[in-house]
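Spelled out, the chains give:
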Amino acid sequence: MKTQSLPPLRTFRQELKTELFENILPYWDRLRTTHSFISALDSANQPMPETPLGLIMVSRLLWTYSRAYSLHGKRQYRELADHAKHVLRMRFCDTENGGYYWSLQHDGQPWESKKQCYGQAFCIYAFSEHFAATGDVDSLDRARSLFALLETKAWDPKEGGYLETFEPDWTPMQKMRLGDGDLEAPKTMNNHLHIIEAFANLQKISPSPEVEAALRRVLRLTADRIILPDTARFGLFYDMNWKLLDSVISPGHDIEGSWLLFEAAEILGDSELEKEFKQRALDMADCVLQTGIDPDDHAVRDEFHEGQGYADTKCWWPQAEGMVGFFNAYQLSGYVRYLEASQKIWDYIKGNLIDRVNGEWLWGRHADGRPMNNEKAGPWKSSYHNARACFELMERIQRVK
């Protein structure tokens, strides 16, 4: 079965390699300034000076270029990774209370000084990757310190789970919310998924009994509390006692989670966990394949409520995660339907999202084909989803061959 697929897999890999090295990675260097980054660019690459500089964008740049340097060793990747680390260390770091601010004004002062647990997780993910790429022990120390801080400040010892949002001094905020479009909820799928991602990366790069125990705990909690009991999907928003607050469906998060959860189980090296999360990965991939893919263009749908119609848009990041998640399911099962789903999403990306004039990928498209009028780079759009998809798939295709 796989032998017959080798020629298209070679083509798939080469196209991803070209996209990564000739479009995605060169694009983000244009945001670098002497001491920081341009906070946002519109779809025509014009600066958006009213937009604050976001922790998520900068931490994801650190992760991306650390990974690029680790795999490919080019000096400009190391320079951009080191620059992103410098910005995090000198501008975002709260030296008094610990952790990293959510966003900055143009003068470098905090704009939103709150501490989002999600943002701290991405810093752990990025600093651990920077240590792996460069051997910079300060980066490992920062990742470990942040891990310890989350265990102390963010974990709910009564009902379990990590809280979402904190004041600068780590007092839990009364109203907790990640993005403007999210519900107010103290516990969320998105937060826990990326804590798993961060802890797994830290454990892979610098194993410790403490991180291993925390990773096992949050994997178990995700399986028991966040994956819904009656369908292979995530619930997104929960109260303090794990009551589901909304029935919204997010195919992008489901397919992203399918491979991240299995990867974490692999890193732990526990055969029983691997067996469990292999099946969960396949079940979640099947669920997305059945209900989260538009049969007309084969793209991953944006969030929707069952019975209320589908979203009018298709964003870039579910497509990137869909490629990896379905390819992971193909690797786990050998079933060609997953490989076909991954490659069809890539066809959608090539035809609808890659900006061959101004670089990078568009935010997304409306159902009628119009591009969404969102930034090309900014607080919520960085190099992480699409660069990571290219990194992952290039390596995975190499292993299949």
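As the structure is a computational prediction, the values presented were derived from the model and not from experiment.

Some remarks on the packing of helix α2 (residues 55-72) against helix α3 (residues 75-92)
Turning to step 1, where the next piece is worked out: Two numbers describe how α2 lies on α3: the axes approach to 8 Å, and their chain directions differ by 150°. Classed by the angle they form, the pair α2 and α3 counts as roughly antiparallel. Considering how the two elements wind past one another, α2 and α3 form a crossing that is left-handed. Taken together, the residues of α3 that come into contact with α2 (itself represented by L55, V58, S59, L61, L62, Y65, S66, A68, Y69 and H72) are Y77, R78, L80, A81, A84, K85, V87, L88 and F92.
Turning to step 2, where the next piece is worked out: For the contact of α2 with α3, the class distribution of residues is 14 nonpolar, three polar and two charged.

Re helix α9 (residues 271-291)
Turning to step 1, where the next piece is worked out: The end-to-end C-alpha separation of α9 is 30 Å, in line with the 30 Å expected for 21 residues at 1.5 Å each.
Turning to step 2, where the next piece is worked out: The complete set of buried residues in α9 reads L273, F277, A281, L282, M284, A285, D286, C287 and V288.
Turning to step 3, where the next piece is worked out: Each element contacted by the buried residues of α9 is listed here: α7 (209-226), α8 (251-268), α10 (316-333) and α11 (336-352).
Turning to step 4, where the next piece is worked out: Capping of α9 at its N-terminal end is provided by D270; its side-chain oxygen lies 2.9 Å from the backbone amide nitrogen of E272.

As for the environment of L20
Turning to step 1, where the next piece is worked out: Here L20 lies in helix α1 (residues 6-27).
Turning to step 2, where the next piece is worked out: The sequence separation of L20 and A389 amounts to 369 residues, and the corresponding C-alpha distance is 9.3 Å.

Digging into unusual backbone geometry
Turning to step 1, where the next piece is worked out: You will see that W242, though not glycine, has its phi angle at about 70°, which is positive.
Turning to step 2, where the next piece is worked out: Within the element layout of this structure, W242 appears in the loop between β7 (237-238) and α8.
Turning to step 3, where the next piece is worked out: Judged by its relative accessible area of 8%, W242 falls in the buried class.
Turning to step 4, where the next piece is worked out: In this model, H298 sits at a positive phi of 70°, which is unusual for a non-glycine residue.
Turning to step 5, where the next piece is worked out: One can find H298 in the loop between α9 and β8 (313-315).

Cut-off values and rules
Residues numbered from 1 in each chain as written. Predicted model: local features only at pLDDT ≥ 70, side-chain atom pairs only at ≥ 80, totals over all residues. Heavy atoms only, no water. Axes fitted to C-alpha atoms, helices over the stretch in contact; angles between N-to-C directions. Helix = DSSP H or I, 4+ residues; strand = E, 2+ residues; numbered from the N terminus. Parallel < 35°, antiparallel > 145°, perpendicular 65-115°, else oblique. Left-handed = near helix turned anticlockwise from the far one by under 90°. Contact = heavy atoms within 4.5 Å. Nonpolar A, V, L, I, M, F, W, Y, C, P; charged D, E, K, R; others polar. Expected span 1.5 Å × (residues − 1). Buried < 20%, exposed > 50% of the residue type's maximum accessible area, 1.4 Å probe, protein only. Polar contact = N/O pair within 3.5 Å; in protein donor to acceptor, adjacent residues only side chain to side chain.

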